[in-house]
Amino acid sequence: MRERTNRHAWRACVGQLTVGSNPTPSAMDDRSEAPVTDGELRPPSGARSVDDEAAMEAALVEAEAALAHGDVPIGAVVVHGGRVIASRHNERERQQDPTAHAEVLALRNAAAVLGTWRLDECTLVVTLEPCVMCAGALVNARIGRLVYGAADLKAGATASLYNVCADPRLNHNPPVTHGVLAEACAALLTAFFAERRA
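Residues numbered from 1 in each chain as written. Predicted model: local features only at pLDDT ≥ 70, side-chain atom pairs only at ≥ 80, totals over all residues. Heavy atoms only, no water.

Looking now at the overall build of the chain. Across its full length, the chain carries 7 helices and 7 strands. Counting from the amino terminus, the chain carries its helices and strands in the arrangement α-α-β-β-α-β-β-α-α-β-α-β-β-α. Among the 198 residues that make up the chain, the fraction classed as buried is 48%. Restricting to contacts in the chain with at least 6 residues of sequence separation, those with at least 24 account for 63%. When the accessible surface of the chain is totalled, it reaches about 9900 Å², and 52% of it is carbon and sulfur. (Helix = DSSP H or I, 4+ residues; strand = E, 2+ residues; numbered from the N terminus. Buried < 20%, exposed > 50% of the residue type's maximum accessible area, 1.4 Å probe, protein only. Contact = heavy atoms within 4.5 Å. Areas by Shrake-Rupley, 256 points an atom, 1.4 Å probe, with all protein chains shown as cover.)

Turning our eyes to something else, we now look at the pairing of strand E5 (residues 122–128). Counting buried positions along E5 gives 7 out of 7 residues, so the element sits mostly inside the fold. Across 5 bridges, the pairing between strand E3 (residues 75–80) and E5 is antiparallel. Within E5, the residue paired with histidine 80 across the bridge is cysteine 122. Summarising the sheet, E5 and strand E6 (residues 145–150) pair through 5 bridges and their orientation is parallel. (Pairing = 2+ DSSP bridges.)

As a further point, take the sheet that holds strand E4 (residues 83–89). The strand order across the open sheet built from 5 strands is E4-E3-E5-E6-E7, with neighbouring strands paired in mixed fashion. What marks the edges here is a single partner per strand, and that holds for E4 and strand E7 (176–178). Strand-to-strand twist of the sheet, defined as the mean angle between neighbouring strand axes without regard to direction, takes the value 15°. Its contacts with the sheet put helix H5 (residues 102–114) on E3, E4 and E5, and the angle it makes with E4 is roughly 140°. (Axes fitted to C-alpha atoms, helices over the stretch in contact; angles between N-to-C directions.)

Let us look at the confidence of the model for the chain. Residues with a pLDDT of 70 or more make up 76% of the chain, whose mean pLDDT is 83. Low pLDDT, under 50, characterises residues 1–6; the stretch is placed with 6 contacts to residues that sit more than four places away or in other chains. Below pLDDT 50 for its whole length, residues 8–46 participates in 57 contacts with residues either more than four positions away or in separate chains. (pLDDT = per-residue confidence, 0-100.)

This brings us to the side chain of histidine 69. Structurally, the position occupied by histidine 69 is in the loop between helix H3 (52–66) and E3. In this structure, histidine 69 is in contact with His89, Asn90, Glu91, Glu93 and Arg94, ignoring residues within four places of it in sequence.

The next subject is the nonpolar core. Core analysis: the biggest nonpolar cluster contains 44 residues, and Met56, Val77, Val78, Leu119 and Leu124 have the highest contact counts within it. Within the residue set of this core, elements represented by two or more residues are H3, E3, E4, H5, E5, E6 and helix H7 (182–197). No other element matches H3, which puts 7 residues into this core. Sequence-distant contacts of leucine 124, that is, excluding residues within four places in its chain, are made with Val77, Val78, Glu103, Ala106, Leu107, Leu138, Ile143, Arg145, Leu146 and Val147. (Core = buried A, V, L, I, M, F, W, Y, C linked by side-chain atoms within 4.5 Å.)

Before going further, it helps to examine the pattern of salt bridges. With the rule as written, the count across this model stands at 4 salt bridges. Salt-bridge contacts for glutamate 91 lead to arginine 94; the nearest nitrogen and oxygen are separated by 3.8 Å. Linked by salt bridges that have partners in common, Arg88, Glu91 and Arg94 make up one network. (Salt bridge = Lys/Arg side-chain N within 4 Å of Asp/Glu carboxyl O.)

This part takes up the packing of aromatic side chains. Counting across every chain of the model gives 1 aromatic pair. When the centroid spacing of 5.0 Å and the interplanar angle of 75° are considered together, the rings of phenylalanine 192 and phenylalanine 193 count as edge-to-face. Judged by its relative accessible area of 11%, phenylalanine 192 falls in the buried class. (Phe/Tyr/Trp six-rings, centres within 6.5 Å; stacked < 30°, edge-to-face > 60°.)

With that settled, consider the side chain of histidine 172. Here histidine 172 lies in the loop between E6 and E7. Within the structure, histidine 172 has its side chain in polar contact with the backbone oxygen of isoleucine 143 (distance 2.7 Å). Excluding its chain neighbours within four sequence positions, the residues that come into contact with histidine 172 are Leu138, Val139, Arg142, Ile143 and Cys165. (Polar contact = N/O pair within 3.5 Å; in protein donor to acceptor, adjacent residues only side chain to side chain.)

And the structure:
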């Protein structure tokens, strides 16, 4: 009940915590709206610094938004300097794009906001352990840190099935924190698949 209440609170304030969330294609082309001055990100006034749990609450809000278009409810946010700068959810069904996972979309938005593909000062927070594709994207983005909620025993690529982010043969190995609000993240996915099976 507490977690559900927190997510409702996040819906009320996520707008002030998020910069560049779900930009339209035109917004992506015109970066004049992004709060960047002299190469530095300017968070929106009144925005609060977020910790891992607060960021995961925002990711859960995004995950729930995926339900509106029949996508698997997975949400991801990118945190930079204690602020959420990108917030996305799965859109494979909506876009009919196999690469439209929450993590990939969030990384793209964060790169657009910061004006660089190198996201070494960012943390990606996602409700489900990333797959091989998304783990590879995190390594290629030089993400500073990964935080995820529920483990994915069938396809997880950062601990469960593979451990891409810790492979010493790769040129980047971001630290990983797992299990943040894992029960809430898993419950959302379990309910989604139970409904589909019914």
